[in-house]
Amino acid sequence: MDGLILLFLLQDGLTNGAIYALLGFALVLVFAVTRIIFIPQGEFVAYGGLTFALLSIGKIPSTIWLLLVFGIASCVIQLWRTRYLLTLRSFIREIAGGIALPLAVFFLIRMLARPDQSAWLNFLLTLAIVVPMGPYLYRIAFQPLANASVLTLLIAAVGVHLSMVGLGLVFFGPEGLRAPTLTDISFTLGKLPFTGQTIAVYAVTLALTGGLYLFFDRTLRGKALRATAANRLGARLVGISVAGSGQIAFALSSFLGAISGILIMPVTTVYYDTGFLIGLKGFVAAIFGALASYPITAVAAIAVGIIEAFASFHASSYKEVIVFMLIVPVLLWRSLYAPQIEEDE
Amino acid sequence: MSTPLLSIADYSIAYGTVEAVHDIALNIGDSEIVTVIGANGAGKSTLLNALMGVLPAAGQVRFAGDDIARLEVEQRVELGMCLVPEKRELFASMTVEDNLLLGGYRVSADRRRRGMDDVFRRFPRLNERRRQLAGTLSGGERQMLAMGRALMSSPRLLMLDEPSLGLAPKIVAEIFRIITELRDSGVSILLVEQNARAALRIADRAYMMELGLFTLEGRAGDLIGDARIAESYLGISE
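As the structure is a computational prediction, the values presented were derived from the model and not from experiment.

Undergrad: Report on the overall build of chain B, specifying residues and quantitative values.
TA: A count of helices and strands for chain B gives nine helices and ten strands. Here the C-alpha radius of gyration of chain B, 17 Å, is about what a compact globule of 238 residues would show, namely 18 Å. Overall, the C-alpha framework of chain B stretches about 45 × 40 × 35 Å when taken along its three principal axes. Relative to its full complement of 238 residues, chain B shows a buried share of 54%. In chain B, 70% of the contacts between residues at least 6 apart in sequence involve partners at least 24 apart. Of the accessible surface of chain B, which amounts to about 10,400 Å², a share of 48% is contributed by carbon and sulfur atoms. For chain B, the separation between the mean place of its 28 positive charges and that of its 32 negative charges on side chains is 6 Å.

Undergrad: Please give an account of the interface of chain B and chain A that cites residues and values.
TA: Contact residues are listed per partner, giving 26 residues for chain B and 19 residues for chain A. Here chain B and chain A share an interface that buries about 2,100 Å² over both sides, 65% of which is from carbon and sulfur atoms. For B:D98, the salt bridge is made with A:K223, and the minimal N-O distance between the two is 2.8 Å. Our enumeration of links across chain B and chain A arrives at five residue pairs in polar contact (both at pLDDT 80 or more). Within the residue set of the side of chain B that touches chain A, elements represented by two or more residues are α2 (73-79), β6 (81-84) and α3 (96-103) of chain B. Class assignment of the residues belonging to the side of chain B that touches chain A gives a composition of 14 nonpolar, four polar and eight charged.

Undergrad: Lay out the pattern of salt bridges in plain terms, naming residues and giving numbers.
TA: Any two side chains of opposite charge can pair, on the condition that their charged atoms come close. All names here are of chain A. Applying the stated rule across the entire model yields 22 salt bridges over all chains. Among the salt bridges present, the one from E94 reaches R139, with a minimum N-O distance of 2.8 Å. Linking E94 in helix α4 (residues 88-112) with R139 in helix α6 (residues 133-142), this pair joins segments that are 45 residues apart in sequence. Classification of R139 by relative accessible area gives buried; the value is 11%.

Undergrad: I'd love a proper account of helix α11 (residues 242-264) of chain A, names of residues and values included.
TA: Helix length check: α11(A) (23 residues) gives 33 Å between terminal C-alpha atoms against 33 Å at 1.5 Å per residue, within 8%. Burial of α11(A) is extensive: 18 of the 23 residues sit out of reach of the surface.

Undergrad: Help me get a handle on the sheet that holds strand β4 (residues 58-63) of chain B, residues and values and all.
TA: Residues and elements named next belong to chain B. Pairing in this open sheet of four strands is antiparallel, and the strands run β2-β1-β4-β5 from one edge to the other. The outermost strands of the open sheet, each flanked by one partner alone, are β2 (18-28) and β5 (66-67). Note: strand β1 (residues 6-15) against β2, seven bridges, orientation antiparallel. Across the sheet, the residue bridging to Y15 is V18, located in β2. Running at roughly 110 degrees to β1, helix α1 (residues 44-52) makes contact with β1, β2 and β4 of the sheet.

Undergrad: Kindly report on the domain arrangement of chain B, identifying the contributing residues and their values.
TA: Often, the extent of an interface is quoted as the loss of accessible area upon association of its parts. Residue and element names in this part refer to chain B. Structurally, chain B comprises domain 1 (1-80 + 159-238) and domain 2 (85-154). Distance from the C-alpha centre of domain 1 to the C-alpha centre of domain 2: 23 Å. Contacts between the two partners involve 18 residues from domain 1 and, on the opposite side, 13 residues from domain 2. Taken together, the two surfaces of domain 1 and domain 2 that pack against each other cover about 1,400 Å², and 65% of this comes from carbon and sulfur. Applying the counting criterion to the domain 1 and domain 2 interface returns two salt bridges.

Undergrad: So, the sheet that holds strand β9 (residues 205-210) of chain B: which residues are in play, and what are the values?
TA: All names here are of chain B. In spatial order, the strands read β6-β7-β8-β3-β9-β10; together these six strands make up an open sheet with mixed pairing. A strand with exactly one partner marks an edge of an open sheet, and here the two such strands are β6 and β10 (213-219). Strand-to-strand twist across the sheet, computed as the mean angle between neighbouring axes with direction ignored, equals 15 degrees. One ladder, built from five bridges, connects strand β3 (residues 33-38) with β9; its direction is parallel. Of the residues in β9, the one forming a bridge with G38 is M209. With respect to the sheet, helix α7 (residues 169-184) is in contact with β3, β7 (157-161) and β8 (188-193), its orientation differing from that of β8 by roughly 150 degrees.

What counts, and at which threshold
Residues numbered from 1 in each chain as written. Chains lettered and ligands numbered in written order. Predicted model: local features only at pLDDT ≥ 70, side-chain atom pairs only at ≥ 80, totals over all residues. Heavy atoms only, no water. Helix = DSSP H or I, 4+ residues; strand = E, 2+ residues; numbered from the N terminus. Rg over C-alpha atoms; globule rule 2.2 N^0.38 Å. Buried < 20%, exposed > 50% of the residue type's maximum accessible area, 1.4 Å probe, protein only. Contact = heavy atoms within 4.5 Å. Areas by Shrake-Rupley, 256 points an atom, 1.4 Å probe, with all protein chains shown as cover. Lys, Arg positive; Asp, Glu negative; His and termini not counted. Charge placed at Lys NZ, Arg CZ, Asp CG, Glu CD. Buried area = accessible area lost by both parts, 1.4 Å probe. Salt bridge = Lys/Arg side-chain N within 4 Å of Asp/Glu carboxyl O. Polar contact = N/O pair within 3.5 Å; in protein donor to acceptor, adjacent residues only side chain to side chain. Nonpolar A, V, L, I, M, F, W, Y, C, P; charged D, E, K, R; others polar. Expected span 1.5 Å × (residues − 1). Pairing = 2+ DSSP bridges. Axes fitted to C-alpha atoms, helices over the stretch in contact; angles between N-to-C directions. Domains from an automatic or database assignment.

This is how it looks when you write it as structure tokens:
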């Protein structure tokens, strides 16, 4: 193997690792705040990527129908749940968040979906479709189970994963899609070519990592999320709504998932079920961090990406096996030095 | 009598089919310290947790005249109720300052800033430790932080569950002094204590709880005489 190939593989691994890091962050965040091991994380990747791909050929993605259904269902559920406490203000808020918002997105998409639409606008439209699905999903599937055990929540997560993959097949069909790059800039550094897409992946990952850090370190809402993760009863006692924190965590999860999906679209063909494997690699990284540490997750994600790149070069048919084998020693080590994971309530 | 700040009637709390508190009634007025004393397992903590909305309960419960039976914990916080639980339930991995900030999660940024000054004035020790993680504090400091965090929400009713538990006598005296100061500044206090004598000394009125029932109630001063009897079966001696 010569130096150039080595550099190529490192670059490839770093790019994929950056994506895995974003997904790993989302998994750690969702688990810390809600104790849900969020298997459907990858579905947001597929939904985001495929929605973006359809928009970029000027088609109206049928995920907007799903968004409407999710929104209405979550709104109805919430109104029913709070029927004794309903005030005019909370009623308007529910209608705005659950019905008006998806309807607005719906019409916006119909207005703006054109084959020659700018990639950046499509990027934003994709986020507008996929991001609200996170909080809706939380309300529909997980909020009623908020006090269930980690195992029950995991089983619910598997259920949500299976239904979302099924819905993905309905909405996107069995064919894979690709999307154009966000920018066409490219340059070579030494002999190593860099495309605008690779740079975009690095830039977005760095920006999001910094943004998340600022959010959790500086804002009251971010601190409230950390507080919910640190002590759920304590959080409730100061007036933080655990359900509210769960919704924010899910919104961040669908946001990170959708962005990852858009970023990988130009380099990988994405099928309706591709998200699962990508999400699992983020999960491997998150397990390294014991579903608790963001920095360890980031480092592990880069390692997973690089190992995957080398594995696909040397033993491509064993690529996935090698990557997922990584989890075994970590689990062994973790079970020997098991950190205490809150399992009360 | 004007509307009491908190009033409960026919109030029962059950864990599954086991009823821990049976049909009790209690009133708390403005600016008074009411204490509920009783042995371990009498149902005192259960009562506080139910009042805060952490545990489900049956019966009437009114706060400042409004029926709050169906409200969630965070809505009760918004109305001005606050519980300092026996286990403090701090955010151990966060700084003292962040714990306090989050205590004021439901109030405006301006009130939060003034609340923080007020807490640091009452508990200068917390100011010294503001950058330290809550998990590294001593027992007394933790109790102070738990009370400070509760005060950040500008409560009208502060419920304290065993604030003296496991603390050195000097710190207990300080905590109790602060409780009286709070009462004098207009906060009503519902104090649950095993340390009956100390609680009765600062309280205005008291309820004695045994096996989920109130067996005695009256002015704290009158009950102190009775406390001799209480002590005999609470096993508390000076």
